[in-house]
There are 2 protein chains.
Amino acid sequence: MSVKFAVLGHGVVGSGVVELFYKNKKSIEKRAGTEMDVKYILDLRDFPDSPYADKFTKDFNDILNDDEVTSVAECMGGVEPAFTFVKSCLEKGKSVSTSNKELVAEKGDILLKTAKEHNCNFFFEASVGGAIPIIRPLHRCLAANDITKVAGILNGTTNFILTKMYNDNMPFADALKLAQELGYAEKDPTADIEGHDACRKICIISSLVFGKHVYPSSVYTKGISQVELCDVAAADVLGYAIKLVASVTKLDNGNILPCVMPTLVSYDNIMSGVNDVFNSVLVYGDGIDQTMFYGRGAGKFPTASAVLGDVIEAVKHNVTVFSQSWESASDNSFVENVDSYKSRWYFRVPSDSAVEGVEAYNHDDGMSFVINNELTFAEAKAKAEKLGALAFMPVLE
Amino acid sequence: MSVKFAVLGHGVVGSGVVELFYKNKKSIEKRAGTEMDVKYILDLRDFPDSPYADKFTKDFNDILNDDEVTSVAECMGGVEPAFTFVKSCLEKGKSVSTSNKELVAEKGDILLKTAKEHNCNFFFEASVGGAIPIIRPLHRCLAANDITKVAGILNGTTNFILTKMYNDNMPFADALKLAQELGYAEKDPTADIEGHDACRKICIISSLVFGKHVYPSSVYTKGISQVELCDVAAADVLGYAIKLVASVTKLDNGNILPCVMPTLVSYDNIMSGVNDVFNSVLVYGDGIDQTMFYGRGAGKFPTASAVLGDVIEAVKHNVTVFSQSWESASDNSFVENVDSYKSRWYFRVPSDSAVEGVEAYNHDDGMSFVINNELTFAEAKAKAEKLGALAFMPVLE
């Protein structure tokens, strides 16, 4: 018997799923333990020259109403119509594997519940960190751990820009333009550079690790558009690389604190060496100490690889995998305000400032230093105002 | 109903499994979907002051013949009596999770077959890379990929020594002595420094990725005892860190080439930043491009965390997970000789040598350079002899 699956969307990721599947069909079938084939590809556009032209449909109902299709790969992006399509598939008992982080971050709890009710699976490995296996290791391999913190470089576009600023002394605006030219950044780059994309991903990780849906709107998010070259250079002298870090910390009171901020990462931390469009996720637990996952966070085949890995898993499991799931949350009162985020901090102050007890680095654009003790975000902000600071950022040791 | 498991061995790892289990019992049971408890701990020694004193037994048959025990964690080390004990458990349908790389590297095929025949599982995540989830991601999350190469820093002791040589200019003998004082190296450090430990681990990875048992005796293995400070320093100037790299490459003819060698890792490669006792595994595939897994490769709780993760998985699955398995191999003729290992190479030659077409770095102990083109091991060895080279090592880009 051959298992049939459908691919929703024939953009970059969706076409990658089909291509990679046919390239490695034999070994994929061996791993899945059954023959497999793509029966439909859903897209409103025409692809007359595609070798898979006979598989295209513009009508979602062809897929929904075909009982032979037991698994679906959703690669359309955006909340609608993806949400309606995915929910309908799950209600028919068809497992869905998605690369759509917006969908998972906004509607994950509902879709997980629907999958559970209809004894199928909603998988989303590809929605965080592209090719990096992180969702499954988090809930499975690290199952024996009390996970205390997860911190990641979850957006390739901003990491490319920061790497260019660092390596080539290229100002933010030029690096962004280059990223756009290379296809790493969209014409409207807001979602990437202002941190919204990284925010969605840390929401998915937070929901999975802590068991309750965390909404993007409850997460403090600051992007990299205000990071200046002089801070990148000063951080280097002080022993740090500036990265856009999305993190979630478990607090002693049981609440969690997810946030996205430009952050100084110590050169002693392996994550400081994650460059260009690469992503990484660092997991801290009481058993493992720290473990990092690294790889391409986006791109046609890396993302397709993660989607297909999920499709294979869905084909192998014909019952719901409960552990890779979380509950709905009527409110996000368990999400702590960023004001209580604790860290050491970097400050850049005017050159004539009086600061004591720190080793300050003097340069053309002021005086930069990292304080030795930890302060909350609220305290650091107050200190920055008092000092008339030109910049302040947290530090990841 | 409460699931009962037994822990074989109460050394560093075995005691860690028990401690970590009771520390995180509640969340572990939530993830396993059932109550769990340790029923027996097997050790020939007495532990009268242990809080778990009532669970100890010196008689393996207590465990074997107790039908209530459905899962076993093997943390004894060594091939015997571990092999006999594990095989007996599997024959009774008890799943076994092990941290014992020697056992898996020598007898993995037999034990996987036994598990399959008795519809239970033989899991070994902890046998490679300690806390790093690598076995499961390799066969699951990366299932859609044609994996072309895996390269790793798989031994913490040698990585600690090389890091000390690099950071502190400490000669090999002194760094080894320090590692022994800190408990990172054993009194007889041969298995670590001569690469045998890394060899066992790359055998396990090779077997899993390519589906057939690869025996340690068929793998070319060279340790770090001949790595000199001057080579570490020269490599740095040329843009590389020297690491003990265990790798396996898939060749065009379908054969594989596993080997263990001190290797120059380019600073452009994230693995060059893996220091101290940390381990890492870099996986190359046609979909993912490259993905790296990083973490503590040894130690009480990191290893215990991986064993417990497997125990939880075994408790959740009451049927054999076929995909995490490989076949027996009557011979290792599919393992290619190291002579055909292809790479760029580093050479150190006497100062008065005539070399052309390379940028050589002159220093007190000779002249160091990396060639621009690829050569096989056999060709590089011939070139080294012709040049009267004082050292030569492959390069990982």
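Remember, it's a predicted structure, so these values are computed and weren't measured experimentally. (Residues numbered from 1 in each chain as written. Chains lettered and ligands numbered in written order. Predicted model: local features only at pLDDT ≥ 70, side-chain atom pairs only at ≥ 80, totals over all residues. Heavy atoms only, no water.)

Novice: Before we go on, may I ask you to explain the sheet that holds strand S4 (residues 69-74) of chain B in this structure?
Specialist: What holds strands together in a sheet is hydrogen bonding between their backbones, with the strands either parallel or antiparallel. Residues and elements named next belong to chain B. What the 6 strands build is an open sheet, ordered S3-S2-S1-S4-S5-S6; its pairing is parallel. The sheet is open, and its two edges are formed by strand S3 (56-57) and strand S6 (122-123), each paired on a single side. Pairing of S4 with strand S5 (residues 95-98), which is carried by 4 bridges, proceeds in the parallel orientation. The residue of S5 that forms the bridge with Ser71 is Ser95. Packed on one face of the sheet, helix H1 (residues 12-23) meets strand S1 (2-8) and strand S2 (35-42) and runs near 155° to S2. (Pairing = 2+ DSSP bridges. Helix = DSSP H or I, 4+ residues; strand = E, 2+ residues; numbered from the N terminus. Contact = heavy atoms within 4.5 Å. Axes fitted to C-alpha atoms, helices over the stretch in contact; angles between N-to-C directions.)

Novice: What exactly am I supposed to notice about the interface of chain B and chain A here?
Specialist: How large an interface is tends to be reported as the accessible area lost when its parts come together. The partner chain A presents 44 residues to the 45 residues of chain B that form the contact. Together chain B and chain A conceal approximately 3700 Å² of surface at their shared face, both sides included; 55% is due to carbon and sulfur atoms. Linking chain B with chain A are 4 salt bridges. Across the pair Asp286(B) and Lys23(A) runs a salt bridge, and its minimum N-O distance is 2.5 Å. Our count for the chain B to chain A interface comes out at 16 residue pairs in polar contact (both at pLDDT 80 or more). (Buried area = accessible area lost by both parts, 1.4 Å probe. Salt bridge = Lys/Arg side-chain N within 4 Å of Asp/Glu carboxyl O. Polar contact = N/O pair within 3.5 Å; in protein donor to acceptor, adjacent residues only side chain to side chain.)

Novice: I keep staring at the packing of aromatic side chains and nothing clicks. Help me out?
Specialist: Given two aromatic rings, one states the distance between the centres and the angle between the planes to describe the pair. Residue and element names in this part refer to chain A. Applying the stated criterion across every chain, the model contains 33 aromatic pairs over all chains. Measuring from centroid to centroid gives 4.1 Å for Phe60 and Phe85, while their planes differ by 5°, and the two rings are stacked. Residue Phe60 is located in helix H3 (residues 60-64), and its partner Phe85 is located in helix H4 (residues 82-91); the two are separated by 25 residues in the primary sequence. Taking the relative accessible area as the measure of exposure, Phe60 reaches 9% and is therefore buried. A residue is classified by how much of its surface remains accessible, and Phe85, at 18% relative accessible area, is buried. (Phe/Tyr/Trp six-rings, centres within 6.5 Å; stacked < 30°, edge-to-face > 60°. Buried < 20%, exposed > 50% of the residue type's maximum accessible area, 1.4 Å probe, protein only.)

Novice: Could you clarify how one ought to interpret helix H5 (residues 101-117) of chain B in this entry?
Specialist: Turn by turn, an α-helix covers 3.6 residues, leaving residues three or four places apart pointing in a common direction. All names here are of chain B. Here H5 spans 22 Å end to end across 17 residues, near enough to the 24 Å set by a 1.5 Å rise per residue. Of all the bends in H5, the largest measures some 85° and sits at Lys107. Turning to H5, its buried residues are Leu103, Val104, Ala105, Gly108, Asp109, Leu111, Leu112, Thr114 and Ala115. Those residues of H5 hidden inside the fold are in contact with S4, helix H4 (82-91), S5, S6 and helix H10 (196-210). Backbone nitrogen of Glu102 and a side-chain oxygen of the N-cap are separated by 3.3 Å at the start of H5; the cap is Asn100. (Expected span 1.5 Å × (residues − 1). Bend = angle between axes of the 7 residues up to and from the residue.)

Novice: Is there a simple way to think about the pattern of salt bridges in this case?
Specialist: Two side chains that carry opposite charge are able to pair once their charged atoms sit near each other. Residue and element names in this part refer to chain B. As enumerated under the stated definition, the model contains 38 salt bridges over all chains in all. Of the charged contacts, one joins Glu68 and Lys4 as a salt bridge, the two residues approaching to 3.8 Å between their closest N and O atoms. Of this pair, Glu68 sits in the loop between helix H3 (60-64) and S4 while Lys4 sits in strand S1, and the two are 64 residues apart along the sequence. Look at Glu68 and you get partly exposed, because its relative accessible area is 38%. A residue is classified by how much of its surface remains accessible, and Lys4, at 17% relative accessible area, is buried.

Novice: So what exactly am I meant to see when it comes to the environment of Ser272(A) here?
Specialist: Structurally, the position occupied by Ser272(A) is in the loop between strand S10 (256-266) and strand S11 (278-285). For Ser272(A) and Met76(A), which are 196 residues apart along the polypeptide, the C-alpha to C-alpha distance reads 33 Å.

Novice: What am I meant to see in the relation of the copies chain B and chain A here?
Specialist: Comparison of the two chain copies shows a relationship of rotation about an axis with a shift along it. For the pair chain B and chain A, the relating rotation is 180°, the translation along its axis is 0.0 Å, and the fit reaches an RMSD of 0.0 Å. Such values leave the two copies arranged in the relation of a two-fold axis. Minimal C-alpha distance to the rotation axis in chain B is attained by Phe293(B), lying at 2.4 Å. Both copies contact each other with a shared surface, as 98% of the interface residues of chain B are interface residues in chain A too. (Least-squares fit on C-alpha atoms with pLDDT ≥ 70 in both.)

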